[in-house]
Amino acid sequence: DAEAATPAAAPPEEPPEHFVCPITQELMTDPVIAADGHTYERIAIERWLTKKKTSPKSGHELETPVLFPNHLLRRQVREWQEAQASK
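Residues numbered from 1 in each chain as written. Predicted model: local features only at pLDDT ≥ 70, side-chain atom pairs only at ≥ 80, totals over all residues. Heavy atoms only, no water.

**Student:** Talk me through the packing of aromatic side chains; I want residue IDs and the actual numbers.
**Tutor:** The tally for this structure, following the rule as stated, stands at 1 aromatic pair. Taking the centre distance of 6.3 Å and the plane angle of 80° together, the rings of Phe19 and Trp80 count as edge-to-face. Here Phe19, found in the loop between helix 1 (2-5) and strand 1 (31-33), pairs with Trp80, found in helix 3 (residues 71-85); they are 61 residues apart in sequence, far enough to count as distant. Considered together, Phe19 and Trp80 belong to a single accessibility category, that of buried residues. Above the ring of Trp48, the side-chain terminus of Lys52 is found at 4.1 Å from the ring centroid. (Phe/Tyr/Trp six-rings, centres within 6.5 Å; stacked < 30°, edge-to-face > 60°. Helix = DSSP H or I, 4+ residues; strand = E, 2+ residues; numbered from the N terminus. Buried < 20%, exposed > 50% of the residue type's maximum accessible area, 1.4 Å probe, protein only. Lys NZ or Arg CZ within 6 Å of the ring centre and 35° of its normal.)

Okay, here's the thing in structure tokens:
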């Protein structure tokens, strides 16, 4: 049977949970760490902080609105995306 010999395209793999922004529920491309120690997509947490001064995860007030790039996670996401593209 010719159809059985042709492998079907594998469905896209879901990203690891820690690659997904807790605000947008989408794969992060510019992850940043907030004062609560959690990582978010930069644009999502910046929008959040224009309206609220609390952690999206815990609800507690953030000590500072300063965000720090999460370079390690950004690299891991890119490597995961490249691995998915090569499948």
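Still more ground to cover, so stick around.
**Student:** Please provide a residue-by-residue account of the pattern of salt bridges, values included.
**Tutor:** The final tally for this structure, using the stated rule, is 5 salt bridges. What emerges from the salt-bridge pattern is a single network uniting Asp30, Arg42, Glu46 and Arg74. (Salt bridge = Lys/Arg side-chain N within 4 Å of Asp/Glu carboxyl O.)

**Student:** Just give me the short version of helix 2 (residues 42-51), but keep the residues and values in it.
**Tutor:** Buried within helix 2 we find Ala44, Ile45 and Leu49. Projected down its long axis, helix 2 carries its buried residues within an arc of 130°, all on one side. Counted as exposed and oriented over 90 degrees from the buried face of helix 2: Arg47, Thr50 and Lys51. Those residues of helix 2 hidden inside the fold are in contact with strand 1 and strand 2 (39-41). (Arc of directions from axis to C-beta. Contact = heavy atoms within 4.5 Å.)

**Student:** Describe the nonpolar core, and please don't skip the residues or the numbers.
**Tutor:** Judged by nonpolar contacts, the single largest core of 14 residues is most densely connected at Phe19, Cys21, Tyr40, Ile45, Leu49, Leu67 and Leu73. With near-sequence residues (within four places) excluded, Cys21 lies in contact with Glu26, Met28, Tyr40, Glu41 and Ala44. (Core = buried A, V, L, I, M, F, W, Y, C linked by side-chain atoms within 4.5 Å.)

**Student:** How would you summarise helix 3 if you had to cite specific residues and measurements?
**Tutor:** Residues separated by three or four positions in an α-helix point in the same direction, a consequence of the helix having 3.6 residues per turn. Over its 15 residues, helix 3 extends 21 Å from the first C-alpha to the last, a length consistent with the 21 Å expected when each residue adds 1.5 Å. Every buried residue of helix 3 is listed here: Leu73, Arg74, Val77 and Trp80. All buried residues of helix 3 lie within an arc of 125° about the axis, which places them on one face of the element. Residues of helix 3 that are exposed and point more than 90 degrees away from the buried face comprise His71 and Glu82. Buried residues in helix 3 make contact with strand 1, strand 2 and strand 3 (68-69). (Expected span 1.5 Å × (residues − 1).)

**Student:** Pulling in residues and values, what's your account of the sheet that holds strand 1?
**Tutor:** Ordered by their spatial adjacency, 3 strands build an open sheet running 2-1-3, and the pairing between neighbours is antiparallel. Each edge of the open sheet is held by one strand with a lone partner, namely strand 2 and strand 3. In this structure, strand 1 lies alongside strand 2, joined through 3 bridges in antiparallel fashion. From the neighbouring strand, Pro31 faces strand 2, where its bridge partner is Glu41. Sitting on the sheet, helix 2 is in contact with strand 1, strand 2 and strand 3, with an inclination near 95° to strand 2. (Pairing = 2+ DSSP bridges. Axes fitted to C-alpha atoms, helices over the stretch in contact; angles between N-to-C directions.)

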